[in-house]
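Summary of structural features
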Amino acid sequence: MNYHAVILHKGKEVALKRMHPWVFSGAIKVLPDQIKEGDVVKITEPNGNFLAMAYYATGSIALRVLSFEETEINANFWIKKLTKAWEYRKHINCLNNRTNVFRLFFGEGDGASGLIIDYYDGHLVLQAHSYGIYLQRALIVEALITIFGNKIKSIFDKSSETLPKQFAGQSKNEFLFGSLKDKVIVKENNHLFQIDFINGQKTGFFIDQRENRLLLQDYCKNKMVLNTFCYTGGFSIYAAKTATEVHSIDVSAKAIKLCEENGELNAITNQKCYAQDTFDFLKDKANIYDVIVLDPPAFAKNRSSKHNAVIGYKRLNAMALKLIKPNGILFTFSCSGVVDKNLFYNTIVAAALEAKRNVKLLHYLNQPPDHPVTPNFPEGEYLKGIVLFVE
């Protein structure tokens, strides 16, 4: 198959030769007149030397790499790409007798920017974060069926909210294979969770906090615990296994209902759930909680909102630090990609100074290995967490 060639300016090939998967629009010397959003292209140097296969997008990141080898992007390509991702997850034991939920494919970390696939006990939820990946859906589904066969119960496309705004109206969330006959209940470290991937946030569950939830459980024995922005209760269920009592807070009544149901699934009797704004809830809760979890949604979706995000993180953490009991434990997170580790750490330090609390750093936390970060794409490390001992 013939692909349009996109030619880079001399000297702009350096990042690609280091296998960074993005090319910015300013690096492009020659862009074919007939190129369309999502088209697969080959990237070359001015002398014609091949650099990578990619797909084109309007915007600052104009090219996103699919392969650093010259190859046709067809069903066989996706079978190889997805098989490699699945083999990696088998090596790190993602699917075992304790856990049947994990991220099967993680964008650039697995070699295809814009593609997310989560595995929920045989149900696969696919999200295209770019139009180029959206156009590859049929080939991706064909590859998944080839790889997993009758182990797949369904494949659900949930791209309508993740595609760029100008393309969102062209898609609808739908089953691309199979259907949903019963409630989906998954197991994570022997904890049970009901998953609503059709109506819930993201793909239905925050898989990236699996190891951090397990760590939290160790700190909650005989403690009074507050889990803010709790969604469907991931941290709450782990905490409740050892805590005296857990309070779960989320502004979404639907999320709180699932949080309560997840408590029942796990025979939890020491959890109280509140459908309320976290900032409002925190106003009059001084000296009640031994352990507090702050896991808010991304305060910054892009660089232009980074400053406001930092203000939000500082305000939230200062509130929690002021009210937590002496010798308390604070688990605090940011999933904003544009807020890096150093900035997040400095923001938490500023919050501690504002709250006039002495703290000790216990842990730096990040995402689990089924959300792989590679040396050629450090931007993939989006989840930052800090655990503090608060004197």
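All of these numbers come straight from a predicted model, not from anything done at the bench.

1. Remarks on the pattern of salt bridges
Scanning all chains against the criterion turns up 22 salt bridges. Notably, a salt bridge pairs D110 with R89, separated by 2.6 Å at the nearest N-O pair. Of the two residues, D110 sits in the loop between β7 (101-106) and β8 (115-120) while R89 sits in helix α2 (residues 75-91), which places them 21 residues apart along the sequence. Among the charged side chains, a salt-bridge network with shared partners connects R137, D157 and E174.

2. Considering unusual backbone geometry
We note that N93 has phi near 65 degrees; this positive angle belongs to a residue other than glycine. Looking at the element boundaries, N93 is found in the loop between α2 and β7. Phi at A267 is positive, roughly 55 degrees, even though this residue is not glycine. Tracing the chain through its elements places A267 in the loop between α8 (253-265) and β16 (271-275). When its relative accessible area of 63% is taken as the criterion, A267 is described as exposed.

3. Quick notes on the sheet that holds β8
In a beta sheet, neighbouring strands pair by backbone hydrogen bonds and run either parallel or antiparallel. Strand order in this open sheet of 5 strands is β7-β8-β9-β10-β11, and the pairing throughout is mixed. A strand with exactly one partner marks an edge of an open sheet, and here the two such strands are β7 and β11 (174-178). Strand-to-strand, the axes of this sheet are offset by a mean angle of 20 degrees, without reference to chain direction.

Procedures and definitions
- Per chain, the residues get numbers from 1 upward, laid out in the order the sequence is written.
- Confidence filtering applies because this is a predicted model: local features only for residues at pLDDT of at least 70, side-chain atom pairs given and counted only at 80 or more, and all residues used for totals across whole chains, interfaces and linings.
- For side-chain calculations, the full set of non-hydrogen atoms in the structure is used, while hydrogens and water are omitted.
- Basic side-chain nitrogens of Lys or Arg form a salt bridge, by our definition, when they fall within 4 Å of a carboxyl oxygen of Asp or Glu.
- Secondary structure follows DSSP: runs of H or I at least 4 residues long count as helices, runs of E at least 2 residues long count as strands, and numbering of each begins at the N terminus.
- Each residue is assigned to one of three classes by its accessible area relative to the maximum for its type, calculated with a 1.4 Å probe on protein chains only: buried under 20%, partly exposed between the two thresholds, exposed over 50%.
- Any two strands with at least two DSSP-identified bridges between them are counted as paired.
- To get an axis, a line is fitted to the C-alpha atoms, and for a helix only the part in contact is used. The angle between two axes follows their N-to-C directions and goes from 0 to 180 degrees.

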